[in-house]
Amino acid sequence: DALRSLAPGTVVETRCADLTSGVGLGEIANAAVVAGCLDTVQSRLRLLGRCALVDAAYVDGGTRPWGGEVRIRLSAHDPCYSCSLPTEQRGESDLPWNCADQRTFGPQAASIGSSALVAAWMSVAALRVMFGAPPAYRFLVIDGPGGHAGKSMSNAIRNARTTIPSRTAAKP
């Protein structure tokens with residue numbers, strides 16, 4: 001209701017259904033931008049594939065402990081999320097698990113802070129795409145511990161090292 005009062009013509013529809021049966025290709029094609037807020041690699045790849053079929057603009061976000069990433073794909077000809085994954089990650093299991101499960105292997109859950117950061121960056125990117133002024137970047141890495149968001153992880157790490165003073169540096 002709050003969004004509707006700010007922009008009466010705005011329509012936001014959520015779906016509680018399987019990705020392939022809950023949203024038709026026509027709906028994806030008619031969307032100004034598709035925001036992928038999915039929690040598994042396989043789901044993200046499925047939505048990417050459906051967007052590519054209809055050449056829909058797609059803003060994808062993923063989280064990890066203390067960080068995340070945002071990927072923007074404006075056409076089916078742009079490089080995609082799948083292309084950047086090694087074979088073993090493209091084949092990861094889609095079996096759900098939650099933070100309370102006792103796990104001794106695999107990925108750790110993302111923090112609320114990193115989820116909020118990824119959502120904020122995704123929102124900015126989606127709005128820019130909708131207004132016809134997409135961001136210059138297509139892949140943004142958010143490095144919480146390093147205090148940096150950059151176009152690639154190596155840049156984020158390099159910039160974090162040069163912008164955060166060392167505790168062992170000698171005082172003048």
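One numbering rule holds for all chains: residues counted from 1, following each sequence as written. Residues qualify for local features only when their pLDDT is at least 70, as the model is predicted, and side-chain atom pairs are given and counted only at 80 or more; totals for whole chains, interfaces and linings, by contrast, use all residues. Neither water nor hydrogens contribute to the side-chain values; these are computed over all heavy atoms in the structure.

## As for the overall build of the chain
Helix and strand assignments come from DSSP, with helices taken as H or I runs of at least 4 residues and strands as E runs of at least 2, each series counted from the N terminus. Helix and strand counts for the chain stand at seven helices and five strands. The N-to-C order of helical and strand elements in the chain reads α-α-α-β-α-β-β-α-α-β-β-α. Across the 172 residues of the chain, 30% fall into the buried class. Working rule for contacts: check all heavy atoms of both residues, and any pair within 4.5 Å makes them a contact. Nonlocal contacts in the chain, meaning residues at least 24 apart in sequence, comprise 57% of its contacts between residues at least 6 apart. What sets the accessible areas is the Shrake-Rupley method with a 1.4 Å probe; for residues, cover comes only from the shown protein chains. Here the chain displays about 11,300 Å² of accessible surface, and carbon together with sulfur accounts for 59% of that area. When accessible area is computed with a 1.4 Å probe and restricted to protein chains, residues below 20% of their type maximum are described as buried, those above 50% as exposed, and intermediate ones as partly exposed.

## Focus: the packing of aromatic side chains
Only Phe, Tyr and Trp rings take part, Trp by its six-membered ring, and two of them pair if their centres are within 6.5 Å. Stacked means planes under 30 degrees apart, edge-to-face means over 60, and tilted covers everything else. Per the stated rule, a full pass over the model turns up one aromatic pair. Between the aromatic rings of Trp 121 and Tyr 137, the centroid separation amounts to 6.3 Å while the plane-to-plane angle is 80°, which identifies the pairing as edge-to-face. Of the two residues, Trp 121 sits in helix α6 (residues 112–130) while Tyr 137 sits in the loop between α6 and β4 (139–143), which places them 16 residues apart along the sequence.

## Quick look at the sheet that holds strand β1 (residues 34–36)
A strand pair is defined by DSSP finding two or more bridges across the two strands. One open sheet holds the five strands; their spatial order is β1-β2-β3-β4-β5, and the pairing between them is mixed. Looking at the sheet topology across the chains shown, the edges are occupied by β1 and β5 (148–150). Ignoring strand direction, the axes of neighbouring strands in this sheet form an average angle of 15°. Strand direction decides the pairing type here: β1 and strand β2 (residues 58–64), joined by three bridges, are parallel. Bridge pairing in β2 places Gly 36 opposite Asp 60. With axes taken as lines fitted to C-alpha atoms, and helix axes fitted only over the stretch in contact, angles between N-to-C directions fall between 0 and 180 degrees. Against the sheet, helix α4 (residues 41–54) touches β1, β2 and β3 (67–73), its axis set at about 170° to β2.

## Let's talk about unusual backbone geometry
The backbone of Asp 55 sits at a positive phi, close to 55°, despite the residue not being glycine. Inspection of the secondary structure assignment puts Asp 55 in the loop between α4 and β2. Residue Asp 55 is classed as partly exposed on the basis of its relative accessible area of 42%.

## Comments concerning the confidence of the model for the chain
In the predicted model, the chain carries a mean pLDDT of 77, and 71% of its residues have values of at least 70. For residues 153–172, every residue scores under 50 in pLDDT, and the model assigns this stretch nine contacts once sequence neighbours within four places are set aside. pLDDT measures how confident the predictor is about each residue, on a scale from 0 to 100.

## Comments concerning the side chain of Arg 73
Looking at the element boundaries, Arg 73 is found in strand β3. Under the counting rule used here, the positive set is Lys and Arg, the negative set is Asp and Glu, and His together with the chain ends is not counted. What makes a salt bridge here is a side-chain nitrogen of Lys or Arg within 4 Å of a carboxyl oxygen of Asp or Glu, nothing more. Buried charge without a salt bridge: Arg 73, with Asp 78 as the nearest opposite-charge side chain at an N-O distance of 5.7 Å. Polar contacts here mean pairs of N or O atoms no more than 3.5 Å apart (in protein, one a potential hydrogen donor and the other a potential acceptor; neighbouring residues in sequence count only if both atoms are side-chain atoms). From its side chain, Arg 73 meets the backbone oxygen of Ala 76 in a polar contact 2.7 Å long. A distance of 2.9 Å separates a polar atom in the side chain of Arg 73 from the backbone oxygen of Asp 78. Those residues in contact with Arg 73 that lie beyond four places of it in its chain are Leu 48, Ala 52, Ala 56, Ala 57, Tyr 58, Asp 78, Pro 79 and Cys 80.

## Things to note about the nonpolar core
A general trend in soluble globular proteins is that nonpolar side chains are found buried together. Side-chain atoms within 4.5 Å are what join buried Ala, Val, Leu, Ile, Met, Phe, Trp, Tyr and Cys residues into a set we call a nonpolar core. Membership of the largest hydrophobic core comes to 13 residues, with the highest contact counts inside it found for Val 33, Val 59, Val 70 and Ile 72. The set of elements that each furnish at least two residues to this core consists of β3, α6 and β4. Top contributing element to this core by residue count: α6, with five residues. Excluding anything up to four places from it in sequence, Val 59 contacts Val 33, Val 34, Ala 35, Gly 36, Val 70, Arg 71, Ile 72, Met 122, Ala 125 and Ala 126. Membership of the second largest hydrophobic core comes to eleven residues, among which are Leu 19, Val 34, Ala 56 and Tyr 58.

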